[in-house]
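Next come the chains, spelled out residue by residue.
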Amino acid sequence: MADASSLPPAGRVRPRDAASLVLLDEREGEPRVLMGRRHSRMKFIPDAFVFPGGKLDAGDLKARPATPLADHASFGAKAEALAKAAIRETFEETGLVLAAKGDVGEASGPGWAHFRERGLAPRLDALSCLARAITPASSPIRFHARFFVASAAALEGTLAGSGELEELGWYPISEALKLPVIDVTEFVLRHVSRGAEARSRVPLFSYRNNKALRRA
């Protein structure tokens, strides 16, 4: 049993591990990103446009990747599991697969079942660490989100939403910034728009007394 010093203050919750994938299409003109709008009935940021992603599941820890994550130091020991979560969530929400031939092992869940049935495993070498964000302490639903970035050229499959994200599509970054997005999403969009050199840094977006803090 945890001692009192390790428990969150009354009325507050610990952030849950989560991962999102910023898919970047730079093949022509202005870079575009894949985004969709969350349903109005969702408890967490309803009606906001977001990148594909979600919470870390137990199956993500067990899934075997086809290739290792080269860039992992910024996200620590959980980096590979989070990268696998980002790839799984992207498939579940968009139908797009970032994978190679391989054996995903005994990872549970419908997303990983799809990979297993087709002899695929997640391609972690296609991902790079991009940014981190932690939900305010005052929020009743909290996440410690890690954002990865990958090229759209590495994707396979046909874009077909699961219904979790509406208006799913590729948006030029300048247009994405005009969509109803939360401050964290705006921060990530501006960071990725600065180019590959800026993306070599992995900034943190967090809050103190409900005021946003941006740390390079």
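Scoring rules and cut-offs
Residues numbered from 1 in each chain as written. Predicted model: local features only at pLDDT ≥ 70, side-chain atom pairs only at ≥ 80, totals over all residues. Heavy atoms only, no water. Phe/Tyr/Trp six-rings, centres within 6.5 Å; stacked < 30°, edge-to-face > 60°. Helix = DSSP H or I, 4+ residues; strand = E, 2+ residues; numbered from the N terminus. Buried < 20%, exposed > 50% of the residue type's maximum accessible area, 1.4 Å probe, protein only. Core = buried A, V, L, I, M, F, W, Y, C linked by side-chain atoms within 4.5 Å. Contact = heavy atoms within 4.5 Å. Polar contact = N/O pair within 3.5 Å; in protein donor to acceptor, adjacent residues only side chain to side chain. Salt bridge = Lys/Arg side-chain N within 4 Å of Asp/Glu carboxyl O. Pairing = 2+ DSSP bridges.

Asks: Could you clarify how one ought to interpret the packing of aromatic side chains in this entry?
Replies: Given two aromatic rings, their pairing is described by the distance between the two centres and the angle made by the two planes. Per the counting criterion, the structure on display carries eight aromatic pairs. Here F49 and Y171 contribute two aromatic rings whose centre-to-centre distance is 5.8 Å and whose plane-to-plane angle is 80°, an arrangement assigned as edge-to-face. Here F49, found in strand β3 (residues 49–50), pairs with Y171, found in strand β9 (residues 165–172); they are 122 residues apart in sequence, far enough to count as distant. Just as F49 is buried, Y171 falls in that class too. Centre to centre, the rings of F51 and F147 are 6.2 Å apart; their planes meet at 80°, and the pair counts as edge-to-face. Pair noted here: F51 is in the loop between β3 and β4 (53–55) and F147 is in strand β8 (residues 143–151), with a separation of 96 residues, a long-range link.

Asks: Can you walk me through the nonpolar core in this structure?
Replies: Side chains of nonpolar character tend, in soluble globular proteins, to be buried together. The biggest cluster of nonpolar side chains holds 38 residues, and the ones touching the most others in it are L21, L69, L98, F115, L127 and F148. Elements with a minimum of two residues in this core: β1 (16–25), α2 (79–94), α3 (110–117), β8 and β9. Element by element, the count of residues in this core is highest for α2, at eight residues. Each residue touching L98, except ones within four places of it in the same chain, is listed here: L21, I87, F115, A121, P122, R123, A126, L127, A150, A154 and L155. If you look at the next biggest cluster of nonpolar residues, it comprises 23 residues, including M35, I173, V184 and V188.

Asks: I keep staring at the side chain of T94 and nothing clicks. Help me out?
Replies: Relative to the helices and strands, T94 resides in helix α2. When its relative accessible area of 0% is taken as the criterion, T94 is described as buried. A polar contact is formed between the side chain of T94 and the backbone oxygen of T90, at a distance of 2.6 Å. In this view, T94 contacts L34, P52, T158, L159, A160, G161 and L168; residues no more than four positions away in its chain are not counted.

Asks: Would you mind showing me how to read the pattern of salt bridges here?
Replies: Scanning all chains against the criterion turns up 17 salt bridges. Here E166 makes a salt bridge to R37, at a shortest N to O gap of 2.7 Å. With a gap of 129 residues between them, E166 in strand β9 and R37 in strand β2 (residues 32–38) connect regions that are remote in the sequence. Using a relative accessible area of 17% as the deciding quantity, one classes R37 as buried.

Asks: Explanation requested: the side chain of T135 in the structure shown.
Replies: Counting through the fold element by element, T135 comes out in the loop between β7 (128–134) and β8. Residue classification places T135 among the buried residues on the basis of a relative accessible area of 14%. Side-chain polar atoms of T135 contact the backbone nitrogen of F143, separated by 2.9 Å. Residues within four places of T135 in sequence aside, it is in contact with F44, I141, R142, F143 and Y207.

Asks: So what exactly am I meant to see when it comes to the environment of A212 here?
Replies: Secondary-structure assignment places A212 in strand β11 (residues 211–215). By relative accessible area, A212 is classed as partly exposed at 32%. Measuring from C-alpha to C-alpha, the distance between A212 and M35 comes to 23 Å, with 177 residues separating the pair along the chain.

Asks: Hey, could you run me through the pairing of β2 in this one?
Replies: It is a general feature of regular strands that their side chains alternate between the two faces of the sheet. Buried residues dominate β2, accounting for six of its seven residues. Inspection of the sheet shows β1 paired to β2 by two bridges, in the antiparallel sense. Its bridge partner lying in β2, D25 is registered against R32. Between the antiparallel neighbours β1 and β2 lie six residues, among them G29 with a positive phi of about 60°. Note that β2 and β9 share six bridges and pair antiparallel. The residue of β9 that forms the bridge with R37 is E166. Here β2 runs beside β3; their pairing, made up of two bridges, is antiparallel. By the bridge assignment, R37 is partnered in β3 with F49.

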